[in-house]
Amino acid sequence: MNETQHSDSSILSRDTPDSSRRSTLVDLLLSMRTPDDIDITADGKKVAFVVRARVPGEQKRRGRIWIAQSDGEARPFATGKDDASCPRWSPDGKQLAFITKPEGEKEKPQLHTIAAEGGEPRLLCTMPNGVSELSWAPDGSRIAFISLEGKEPQSDPKVLAPSRHRRLWTIHANHTLPEPVTPPDVTVWEYTWAPDSKQLALYYSTGPDDTDWYHSQIGVVASNGGAVRQLTQLSWQARGLAWSPDGQHIAYLSGRWSDPGRGSGDIHAVALENGHIRHLTPGIDCSPSWCRWLPDGRHLLFTAVKNTTHQIGLLDTHKGAITVLADDFVMQYDQPQLSITADCRSFATVHSTSQQPPDLWYGTFTHKGTTPTGITWKKLSRLNPIVEETLELAKTERIRYESVDGWLIDGLFMPPLQTRPGELPPLYVEVHGGPSGTTCDTWDSFNQVFAAEGFAIFQPNMRGSWGQGMAFADAVLGDMGGKDFQDILNGVEYLVKQGKVDGNRVCIGGWSNGGFLTAWAVTQTNRFKAAMVGAGITDWHNMHAQTNIADADILLLATDPLKNPETYRQRSPLTFAERVTTPTLIIHGEDDPAVPVAQAYAFYRALRERGVPVECVIYPREGHGLSELDHVRDYLERNIRWFKQCIR
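Just so we're clear, the structure is a prediction, and the values are computed from it rather than from any experiment.

A.B. asks: I tried to follow the overall build of the protein on my own but got confused; where do I start?
C.D. replies: The number of helices and strands found in the protein is 12 helices and 36 strands. On C-alpha atoms alone, the protein measures out to a radius of gyration of 25 Å, which is about the 26 Å that the 2.2 N^0.38 rule sets for 648 residues. Expressed as lengths along the three principal axes of its C-alpha atoms, the size of the protein is roughly 70 × 65 × 55 Å. The 648 residues of the protein split such that 58% are buried. Accessible area of the protein: about 26600 Å², with a carbon and sulfur share of 48%. Charged side chains in the protein number 65 positive and 78 negative. The centres of these two groups are separated by 1 Å.

Have a look at this one:
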């Protein structure tokens, strides 16, 4: 054991007092580096990716661009102190485009390029509202990006008005003058280039607000600009656009999802000639989240959520047959995707397990003729050796149990690192957000802290989750807090009957939809000894009035608040707050646009007036999640203290 390992191991030894050991563990986990935003060169020889890490003395993580050789190791690439994101290789691999955001709240992220061998980055243009979502044209002539339209709204006074449109632009790689592609009154949520670089496919809306995403359509626009030609009449959301090699079809994912920009659903294809749509995966028992056409124009490569893990598969669009190429390789959280070469023979992705922190991995397809039949894997980075080599890490177990209607529910169970002789561990039930989402068997720093503190952790994929197809995911619509809640309770009883946990010391918590279900739980049952409501919906009426995605609650409750106000009332935890006896910790970001902070204040007031042990913590400057270092540390340690004092 080297000196560093010995030092860290002794700091985290069991002889260290609990509070000191916990703080050291939390600090070590918060210092981890994480990879994302991957892009592979057309020939597969290099992979650019962003490594996000804490910078000493700063509250927020900062992104740095790294490069990995397919036959070598990963290393930092672009230098500088600015936050970097969205690295994108030119088709010939000679240049890398990326975005940097200088320090300072008023500074905007701008587009740069740098030579593949390194050197001084070049600022390509300066957009008054900054840029996002870069993509090179296949012929290498231009770079497309998104930029907001109009002036930034004033905050004093704050005037409620429509948001600014997200406009699509392009710029020639050797010029400095960007050109608009879409009209100023169209919002582009997602786009992809046509193979001939003459058009772009869009998922777009005529309304600019976040909630307009729920009513968007697929269309095409000429790459030199013009009107958008609408191809679809969708009633569900879409994403993951993929243009066929012959330019005649656009594949996409479609489903009914709760969060803009995220989704796993069925694969469809629309014909450009007449708008005819084919449903390519009817009845599929997993949840595809990304797809790309193979050069043969017949097969689609896809990734999918399957139960608590991920798949990579091949779809024959003529026969509907599916070949599974990898059936248990967990990638990015609940949205697995690949960055793939032009010939679709190799790719890069992120991989992790409960005991292995996330790293960059490289995959190469094995073939029978021209059709992929399997994958060989290679790990390209090792970003957190201290965590891997010095920490004792808990491991998850995948479970499946029966719930109401005989439905089988998947979940993850993580036993604690240590238990007292003759004593079953307390259980923390961690409910995921969404409800469109799923808990996958990936790395989770939060759970590692809980396991080190002696808790078992249960993460249920109740109905509404991805991983078992569309019918399972849609079963929650119009039934929020119904059978999804029963799925959670049945999972708890399953673990108790299995003798894995102490049924008298069960706690529950979650964020967003998990926060709603936690608030709902404490109003419906006394099963739980303690609860943590994170960014949770407690009053659906007020949620609709203040959220930036008002169409989400209409979708989830399957009704309109003005037409059926009683439904909103009957599904609100606040309506039944007088029943609560469970000690409840309420956590919220002060600037949360999705679930406004009034939800926390209302539930806190109701519980406090009834003498329920309650604590409400509002983190300034935070939105629908926590990002500042001190806030994340406080959140983790506060949760542990709250649950420990409630289960004594």
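A.B. asks: Would you take a moment to explain the pairing of strand β36 (residues 614-619) for this structure?
C.D. replies: In this structure, strand β35 (residues 584-589) lies alongside β36, joined through six bridges in parallel fashion. Each residue of the ladder has a partner; that of I587, found in β36, is V617. With respect to chirality, the unit in which β35 leads through helix α11 (residues 598-609) into the neighbouring parallel β36 is right-handed.

A.B. asks: Please explain the sheet that holds strand β30 (residues 408-414) as it appears in this structure.
C.D. replies: Note on sheets: strands pair through backbone hydrogen bonds, and any given pair is parallel or antiparallel. Pairing within the open sheet is mixed, and its eight strands lie in the order β29-β30-β32-β31-β33-β34-β35-β36. Among the strands making up the open sheet, the edge pair consists of β29 (397-402) and β36. Adjacent strand axes in the sheet meet at a mean angle of 20 degrees, parallel and antiparallel pairs treated alike. Here β29 runs beside β30; their pairing, made up of six bridges, is antiparallel. In the strand pairing of β30, I399 is matched with G411. Where helix α4 (residues 445-452) meets the sheet, it contacts β30, β31 (427-431) and β32 (456-461), and its direction lies at approximately 145 degrees from that of β32.

A.B. asks: Can you help me understand the pattern of salt bridges in this one?
C.D. replies: Two side chains bearing opposite charge may form a pair once their charged atoms approach each other closely. Overall, the coordinates contain 38 salt bridges when judged by the stated rule. Where R398 meets D441, a salt bridge forms, and the shortest distance between an N and an O atom there is 3.0 Å. Separated by 43 residues along the polypeptide, R398 in strand β29 and D441 in the loop between β31 and α4 bring together distant segments of the chain. Accessibility expressed as a relative area gives 41% for R398, which makes it partly exposed.

A.B. asks: I'm lost on the sheet that holds strand β3 (residues 62-69) in this one. Help?
C.D. replies: Read from one edge of the open sheet, four strands run β1-β2-β3-β4, paired in antiparallel fashion. Of all the strands in the sheet, just β1 (34-40) and β4 (74-76) have a single pairing partner and so form its edges. Strand-to-strand, the axes of this sheet are offset by a mean angle of 30 degrees, without reference to chain direction. Both β1 and strand β2 (residues 46-53) contribute to a ladder of five bridges, which runs antiparallel. Its bridge partner being in β2, D39 is matched across the sheet by A48.

A.B. asks: Sorry, what's going on with the packing of aromatic side chains here?
C.D. replies: The way to describe two aromatic rings as a pair is by their centre distance and the angle between their planes. Under the criterion given, the structure shown has 22 aromatic pairs. Plain terms: the ring middles of F516 and W540 are 5.4 Å apart, the flat faces sit at 65 degrees to each other, and that makes the pair edge-to-face. You can see F516 sitting in helix α7 (residues 513-524) and its partner W540 sitting in helix α8 (residues 540-546), a full 24 residues away along the chain. Taking relative accessible area as the criterion, F516 reaches 0% and is therefore assigned buried. In this structure W540 comes out as buried when scored by relative accessible area, which is 0%. What links up through ring pairs into an aromatic cluster is the set Y428, F446, F450, F455, W511, Y635 and F643. The aromatic ring of W169 is capped on one face by R167, whose charged end is 5.4 Å from the ring centroid.

A.B. asks: Just to check I follow, could you spell out the packing of α4 against helix α12 (residues 629-646) for this structure?
C.D. replies: Helix-helix packing is characterised by the crossing angle of the two axes and by the distance between the axes. Running from N to C, α4 and α12 cross one another at 35 degrees; their axes reach a closest spacing of 11 Å. Crossing handedness for the pair α4 and α12: right-handed. When α4 is examined against α12, the residues F446, V449 and F450 are found in contact with a partner set consisting of Y635, L636, N639, I640 and F643. Of the residues contributing to the contact of α4 with α12, the split by class is seven nonpolar, one polar and no charged.

A.B. asks: Can you help me understand α7 in this one?
C.D. replies: Residue pairs spaced three or four apart in an α-helix point in one direction, given the helix's 3.6 residues per turn. Taking 1.5 Å as the rise per residue, α7 with 12 residues should run 16 Å; its terminal C-alpha atoms sit 16 Å apart, in good agreement. A large share of α7 lies buried, amounting to 11 of its 12 residues. Listed as buried for α7 are N513, G514, G515, F516, L517, T518, A519, W520, A521, V522 and T523.

A.B. asks: What's the story with the packing of helix α6 (residues 483-497) against α7 in this structure? I'm lost.
C.D. replies: In the contact formed by α6 and α7, the axes pass within 11 Å of each other and the chain directions differ by 75 degrees. Compared by their axis directions, α6 and α7 come out roughly perpendicular. Touching D484, F485 and I488 of α6 are L517, W520, A521 and Q524, all from α7.

Rules used in this analysis
Residues numbered from 1 in each chain as written. Predicted model: local features only at pLDDT ≥ 70, side-chain atom pairs only at ≥ 80, totals over all residues. Heavy atoms only, no water. Helix = DSSP H or I, 4+ residues; strand = E, 2+ residues; numbered from the N terminus. Rg over C-alpha atoms; globule rule 2.2 N^0.38 Å. Buried < 20%, exposed > 50% of the residue type's maximum accessible area, 1.4 Å probe, protein only. Areas by Shrake-Rupley, 256 points an atom, 1.4 Å probe, with all protein chains shown as cover. Lys, Arg positive; Asp, Glu negative; His and termini not counted. Charge placed at Lys NZ, Arg CZ, Asp CG, Glu CD. Pairing = 2+ DSSP bridges. Right-handed = clockwise from strand over helix to strand, strands pointing away. Axes fitted to C-alpha atoms, helices over the stretch in contact; angles between N-to-C directions. Contact = heavy atoms within 4.5 Å. Salt bridge = Lys/Arg side-chain N within 4 Å of Asp/Glu carboxyl O. Phe/Tyr/Trp six-rings, centres within 6.5 Å; stacked < 30°, edge-to-face > 60°. Lys NZ or Arg CZ within 6 Å of the ring centre and 35° of its normal. Left-handed = near helix turned anticlockwise from the far one by under 90°. Nonpolar A, V, L, I, M, F, W, Y, C, P; charged D, E, K, R; others polar. Expected span 1.5 Å × (residues − 1). Parallel < 35°, antiparallel > 145°, perpendicular 65-115°, else oblique.

Worth remembering: the numbers are spatial, not functional.
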